[in-house]
Amino acid sequence: MKKNKSLKVSIVMGSQSDYKTMQLTEKTLKKIGVSFETKIISAHRTPKRMYEFASTAEQNNIGVIIAGAGGSAHLPGMIAALTPLPVLGIPIESKKLKGLDSLLSIAQMPKGIPVGTLAIGEDGAINAALLAAAIIANTNPTVKKNLNNLRIQQTKAVKKKPK
């Protein structure tokens with residue numbers, strides 16, 4: 001990874017309907033002060049767009065890619081096959097199988113093409129942002145400080161005794 005403070009996170013999703021979940025990723029990255037971009041890229045409906053994005057992501061100063069996908073959920077794996085960058089996959093909750101289909105598609109990658117797979121839905125969207133921020137923090141002291149402060153605040157928010 002480049003020793004470059006300006007590395008950003010790219011948030012991609014398969015369709016507009018995924019944005020409801022992926023907005024939580026944006027919100028979390030904003031809170032930590034991580035630069036990001038957001039795009040709709042479908043592995044099935046816009047394969048040329050996906051190929052172009054993935055094959056140029058590293059030269060476009062992307063440090064981590066967060067890919068949300070539902071159903072067959074091929075987007076994270078296909079992007080991971082085309083770039084050496086870390087790819088974090090968020091299974092989007094679906095009506096039919098509640099996101100289990102997406103989870104299995106993202107988690108069951110063949111050896112040699114890793115995708116860091118997070119929880120289904122909202123928890124996964126937030127945790128993907130935190131994990132991406134931790135990766136970016138390796139080369140960005142400001143993000144590291146902000147992430148540490150967020151964790152301290154989270155710890156302080158836990159009550160010592162029930163009321």
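In the block above lies the structure referred to throughout.
These figures come from a predicted structure and were not determined experimentally. (Residues numbered from 1 in each chain as written. Predicted model: local features only at pLDDT ≥ 70, side-chain atom pairs only at ≥ 80, totals over all residues. Heavy atoms only, no water.)

1. A few points about the pairing of strand β3 (residues 62-69)
The two faces of the sheet receive side chains in turn, since in a regular strand these alternate between them. In terms of burial, β3 is a largely internal element, eight of the eight residues being buried. With six bridges connecting them, strand β1 (residues 8-13) and β3 associate as parallel partners. Paired with M13 across the strands is G68, a residue of β3. Summarising the sheet, β3 and strand β4 (residues 87-91) pair through five bridges and their orientation is parallel. Residue I65 lies in a different strand from β4, and its bridge partner there is V87. Where the polypeptide runs from β3 across helix α3 (residues 75-82) and back to β4, its parallel neighbour, the crossover connection is right-handed. (Buried < 20%, exposed > 50% of the residue type's maximum accessible area, 1.4 Å probe, protein only. Helix = DSSP H or I, 4+ residues; strand = E, 2+ residues; numbered from the N terminus. Pairing = 2+ DSSP bridges. Right-handed = clockwise from strand over helix to strand, strands pointing away.)

2. Quick word on helix α2 (residues 47-56)
Buried within α2 are the following residues: M50, F53, A54 and T56. The inward-facing, buried residues of α2 contact β1, β2 (36-40), β3 and α3. (Contact = heavy atoms within 4.5 Å.)

3. Focus on the sheet that holds β1
The strand order β2-β1-β3-β4-β5 describes an open sheet built from five strands, whose pairing is parallel. Bordering the open sheet on either side are β2 and β5 (116-117), each of which pairs with just one other strand. The pairing of β1 with β2 spans five bridges and is classified as parallel. Residue pairing in the sheet places I11 in a bridge with T38 of β2. The strands touched by helix α1 (residues 19-32) within the sheet are β1, β2, β3 and β4, with β1 carrying the most contacts at an inclination of about 170°. Sheet strands in contact with helix α4 (residues 100-107) are β3, β4 and β5, and its direction is about 160° off that of β4. (Axes fitted to C-alpha atoms, helices over the stretch in contact; angles between N-to-C directions.)

4. Side note on the pattern of salt bridges
Within this structure, the stated rule accounts for two salt bridges. Between E37 and K8 there is a salt bridge, and its shortest N-O distance comes to 3.5 Å. Note that E37 is positioned in strand β2 and K8 in strand β1, a separation of 29 residues in sequence. Its relative accessible area of 19% is what places E37 among the buried residues. K8 gets classed as partly exposed once you look at its relative accessible area, which sits at 24%. Salt bridges sharing partners connect three or more residues here, namely K8, E37 and K39. (Salt bridge = Lys/Arg side-chain N within 4 Å of Asp/Glu carboxyl O.)

5. Let's talk about the nonpolar core
Counting 26 residues, the largest nonpolar core has V9, I32 and I66 as its most contacted members. Of all the secondary structure elements, the ones that give two or more residues to this core are β1, α1, β3, β4, α5 (122-137) and α6 (141-156). Broken down by element, the residue count for this core peaks at nine residues, all from α5. Core analysis: the second largest hydrophobic core is formed by 19 residues, A43, A57, A67 and A73 among them. (Core = buried A, V, L, I, M, F, W, Y, C linked by side-chain atoms within 4.5 Å.)

6. Focus on the environment of E26
Turning to its location among the elements, E26 is positioned in helix α1. With 103 residues separating them along the chain, E26 and A129 place their C-alpha atoms 7.5 Å apart. Those residues in contact with E26 that sit more than four places away from it in its chain are I11, Y19, F36 and T38.

On their own, these measurements won't tell you what the molecule is for.
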